[in-house]
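Residue-level structural notes
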Amino acid sequence: MSHEEMADPKAIKDSDQDDAECKKDCQISFLGHKHPLQNCWCLWFLRNEKNRVWSDNLRIVTKFDTVEDFWALYNHIQPASRLLSGSDYSVFKDGISPMWEDEKNRMGGRWLVMLSRQQRHLLLDTFWLETLLCLIGEAFEEGSGDICGSVLSVRSKGDRVALWTSDADRKHAVLTVGRIYKERLGLHPESVMAYQPHADTAAKSGDFSI
């Protein structure tokens, strides 16, 4: 500001107004900033209606790719423990469907955590949220690139949370994912968590565990 402008009260007022507007614009810009995730994720929902083909019961709810959008979604959907029996939530990387037949899943498998009906209201919501945070936070070290997604299934006889990986033959990555997942869920070191290759599950054959 020049000496002439400094002597002009109107110029000083306009300058103050410009500074205030600049600060306001910066605040709006800061508040509007979102924190991007490394991947875009899709939330799927399945309600198992037996009079319809299974794939027709499965639908995409929405996609999200920022931390803020994840929490907005999580806080506005039904908690896992309140889903009706026969319902699934699935969260998978964009472009991967939550089904064995998908090309990205076909050679993979899943780490499986089983919960009894009595554990539903004690542990299911906690396990599901921790699973989601592991997914979007890329928490599995060198195994993160092998992650496809996760499926939560609520059933009358008991519930399960499954963490899907892309290649069951990549044993080191699979075991790394399983070890970290078990720690993040706070499972007892002596408890058993099984890994099931999709091909073996389809054939009703074996699996391995940690």
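Residues numbered from 1 in each chain as written. Predicted model: local features only at pLDDT ≥ 70, side-chain atom pairs only at ≥ 80, totals over all residues. Heavy atoms only, no water.

Quick look at the confidence of the model for the protein now. Looking at the protein as a whole, the pLDDT averages 85, with 80% of positions reaching at least 70. In the predicted structure, residues 1-30 sits below a pLDDT of 50 and forms 7 contacts with residues beyond four places in sequence or in another chain. (pLDDT = per-residue confidence, 0-100. Contact = heavy atoms within 4.5 Å.)

In this section: the nonpolar core. Note on soluble globular proteins: their nonpolar side chains tend to be buried together. In this structure, L152 and Y181 are the most contacted members of the largest nonpolar core, which totals 35 residues. When residues of this core are traced back to their parent elements, those giving at least two are β1 (36-47), α3 (67-74), β3 (87-93), β4 (109-115), α4 (120-136), β5 (147-154), β6 (159-165) and α5 (171-185). No other element matches α4, which puts 7 residues into this core. Beyond its immediate chain neighbours, meaning those up to four positions away, Y181 contacts W111, V113, T131, F140, V161, L163 and M193. Within the second largest apolar cluster, 11 residues are counted, among which are L112, V151, A162 and W164. (Core = buried A, V, L, I, M, F, W, Y, C linked by side-chain atoms within 4.5 Å. Buried < 20%, exposed > 50% of the residue type's maximum accessible area, 1.4 Å probe, protein only. Helix = DSSP H or I, 4+ residues; strand = E, 2+ residues; numbered from the N terminus.)

Let us now look at the pattern of salt bridges. For the structure shown, the criterion picks out 9 salt bridges. The residue D69 makes a salt bridge to K34 at a minimum N-O spacing of 2.8 Å. Note that D69 is positioned in helix α3 and K34 in the loop between α2 (9-32) and β1, a separation of 35 residues in sequence. You can call D69 partly exposed: its relative accessible area is 27%. Classification of K34 as partly exposed rests on a relative accessible area of 41%. Across the salt bridge formed by R155 and D88, the nearest N and O atoms sit 2.9 Å from each other. Remark: D88 occurs in strand β3 and R155 occurs in the loop between β5 and β6; sequence separation between them is 67 residues. (Salt bridge = Lys/Arg side-chain N within 4 Å of Asp/Glu carboxyl O.)

Attention now goes to α4. Over its 17 residues, α4 runs 23 Å from end to end, which matches the ideal 24 Å to within 8%, given 1.5 Å per residue. Among the residues trailing α4, E138 stands out with phi positive, at a value near 50°. (Expected span 1.5 Å × (residues − 1).)

The tally for this structure, following the rule as stated, stands at 9 aromatic pairs. Ring geometry for F140 versus Y181: centroids 6.3 Å apart, planes at 70°, classification edge-to-face. One end of the pair, F140, is in the loop between α4 and β5; the other, Y181, is in helix α5, and 41 residues separate them in sequence. Judged by its relative accessible area of 1%, F140 is buried. Taking the relative accessible area as the measure of exposure, Y181 reaches 0% and is therefore buried. Grouping aromatic residues by their ring pairs yields a cluster made of F64, F70, W71 and Y74. (Phe/Tyr/Trp six-rings, centres within 6.5 Å; stacked < 30°, edge-to-face > 60°.)

What follows covers the layout of surface pockets. Estimated volume of the largest pocket: approximately 390 Å³. Lining the largest pocket we find 18 residues, and of these W54, W100, R110, R160 and W164 sit closest to its centre. Contributing elements (two or more residues each) for the lining of the largest pocket: β3, β5 and β6. In terms of residues, the lining of the largest pocket owes the most to one element, β6, which gives 3 residues. Broken down by class, the residue content of the lining of the largest pocket amounts to 9 nonpolar, 3 polar and 6 charged. (1 Å grid on protein atoms, 1.4 Å probe; cavity = no way out; pocket = protein on both sides within 12 Å on 5 of 7 lines; lining within 4 Å. Points joined across faces, edges and corners; volume = space filled by probe spheres on them. Nonpolar A, V, L, I, M, F, W, Y, C, P; charged D, E, K, R; others polar.)

Further remarks concern the packing of α4 against α5. For any two helices packed against each other, one specifies the inter-axial angle together with the distance between the axes. Where α4 contacts α5, the two axes come as close as 10 Å, and the packing angle between them is 135°. In terms of axis orientation, α4 runs oblique to α5. Here α4 and α5 pass one another in a crossing that is right-handed. Contact residues: F127, E130, T131, L133 and C134 in α4; Y181, R184 and L185 in α5. Looking at the contact of α4 with α5 residue by residue, the classes come out as 5 nonpolar, 1 polar and 2 charged. (Axes fitted to C-alpha atoms, helices over the stretch in contact; angles between N-to-C directions. Parallel < 35°, antiparallel > 145°, perpendicular 65-115°, else oblique. Left-handed = near helix turned anticlockwise from the far one by under 90°.)

Right, let's get into empty space enclosed by the protein. Counting across every chain of the model gives 1 cavity of 30 Å³ or more. Lining the largest cavity are L43, F64, F70, L73, Y74, I77, V91, W128 and L132. Contributions of two or more residues to the lining of the largest cavity are made by α3 and α4. Ranked by residues supplied to the lining of the largest cavity, first place goes to α3 with 3 residues.

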